[in-house]
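Structural overview for review
Spelled out, the chains give:
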Amino acid sequence: MIFRVVDRSHGHELQNGASSAEPGVVYLNLVPDAGWQVEVDRATPAEWSHMLDLFSDANLYQTWSYGRVRWGEENLSHLVLKRRGEVLAMAQLRIAGSTRFRLGMAYLRWGPLCQRRGMPPDAEAAALMARALEVEYVSKRKLFLRVLPNAFVGTPRAELMESAFQGFTPEPGVPDSSYRTCILDVAPPLETLRARLDKKWRNQLSNAERRHLMVICGSGRDEYRKFTAIYNQMKRRKAFESTVNIEEFGRMQEDLPQPHRMLTLICEDSGEPVAGLVASAMGDSAIYVLGATSDSGLQSKGGYLLQWSLITWLKENGYRWYDLGGIDPERNPGVYHFKSGLSGVDASHMAPVAVSNGAVSSAIVRTGITLHRALRGCAGILSLTRSGSRR
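Here goes a summary of the coordinates provided. Worth saying up front: this structure is predicted, and the values here are computed from it rather than measured.

A short note on the packing of helix α2 (residues 64-71) against helix α8 (residues 246-255)
Interaxial distance between α2 and α8 falls to 9 Å at its minimum, and their mutual angle equals 140 degrees. Between α2 and α8, the angle falls in the class oblique. Crossing geometry of α2 relative to α8 is assigned as right-handed. When α2 is examined against α8, the residues S65, Y66, R68, V69 and R70 are found in contact with a partner set consisting of E248, R251, M252 and D255. Split by residue class, the contact of α2 with α8 holds three nonpolar, one polar and five charged.

Brief notes about the pairing of strand β13 (residues 285-293)
Each regular strand displays side chains that alternate between the two surfaces of the sheet. In terms of residue burial, β13 counts as a mostly covered element, since eight of its nine residues are buried. One ladder, built from eight bridges, connects strand β12 (residues 272-282) with β13; its direction is antiparallel. Opposite V278, over in β13, you have L290 as the bridge partner. When β13 meets strand β14 (residues 321-323), the two strands line up parallel, connected through three bridges. For A286, the partnering residue across the bridge sits in β14 and is Y322. Considered for its hand, the β-α-β crossover made up of β13, helix α9 (residues 302-316) and β14 is right-handed.

Details of the environment of I230
By secondary structure assignment, the location of I230 is in helix α7 (residues 221-238). Sequence separation of I230 and G276 is 46 residues, and the distance between their C-alpha atoms is 7.0 Å. Dropping the residues within four chain positions of it, I230 is found in contact with I266, P273, V274, A275, G276, A292, T293 and S294.

Analysis parameters
- Residues numbered from 1 in each chain as written.
- Predicted model: local features only at pLDDT ≥ 70, side-chain atom pairs only at ≥ 80, totals over all residues.
- Heavy atoms only, no water.
- Axes fitted to C-alpha atoms, helices over the stretch in contact; angles between N-to-C directions.
- Helix = DSSP H or I, 4+ residues; strand = E, 2+ residues; numbered from the N terminus.
- Parallel < 35°, antiparallel > 145°, perpendicular 65-115°, else oblique.
- Left-handed = near helix turned anticlockwise from the far one by under 90°.
- Contact = heavy atoms within 4.5 Å.
- Nonpolar A, V, L, I, M, F, W, Y, C, P; charged D, E, K, R; others polar.
- Buried < 20%, exposed > 50% of the residue type's maximum accessible area, 1.4 Å probe, protein only.
- Pairing = 2+ DSSP bridges.
- Right-handed = clockwise from strand over helix to strand, strands pointing away.

Here it is as structure tokens:
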């Protein structure tokens, strides 16, 4: 039987001796089910957004808006796996470098998305997605393919991804290279979640509540503008260098379709904005993206009230998990202490995996990745852990 690949942008290339009378359609003898279909660079932004809503592992980094603003639309590629017309997996990739000399790279961040809402994990779909990615970006485009799944070590999703990408090479462990965070399960009742808080954290929350602070929640331009003012004030006060570009996140916010826009929470004391929080909630999870406290808000403890308000909102809107947005106990113990006070689970992403069809190009790209990590490490010493670590 056949594996049907629909590719509008790469037209007539055929593989495995297959033939096709239809331009832009490629048939591959890979799996015993003609119902499987792969579409490459055919979805529109609106169609991509609609498909994201089908997946419980959807996230900000797989939105078209994130890719368009962060990397440029001309550097994006989108691959969708279907079975008998039903979308079962999808991935947005960044294409970087020159393909003329076969030194380019395809980078998949926090994907592929393989967990359909209300459906059990599909090992076959995940494995075929891994194969489709390799065929398209390594075999056809001659790129070095690097995949960073959104899967935490020891979880069923990580086991699924490890099995699906078993033919890829795990990148060797490098200190500070993997994403480490705290994950909070918000399914228990609020009373239980509050009882589990660290005692000092709970006391600070109670102090903030007694101050009769007001929390404003929204996804519009006005809320994000207020957050930007608080963040810039905090940055001047702390005098830290950062790779975080809040104007860039602002452009993403403007570009995102309404259902996927980030949530901005602003804490006001007597009408004055004193603290802010930005989070992205998609699929079954939310991630803490940005946070800041103004000069006058240092004593208000508004950051505690904002976190608790967000957790309450997540429960009310049916989300299951809250990713606290990165921790680094050694370089940023203060933020680590604040986030760990919510009593989430300390978790790390599984190692990235990679594959290439050329030893030379692979070595060159890996050298570039190693250099990039070293530069990021130096920057990390001067700045807070990452965007989600701001308070």
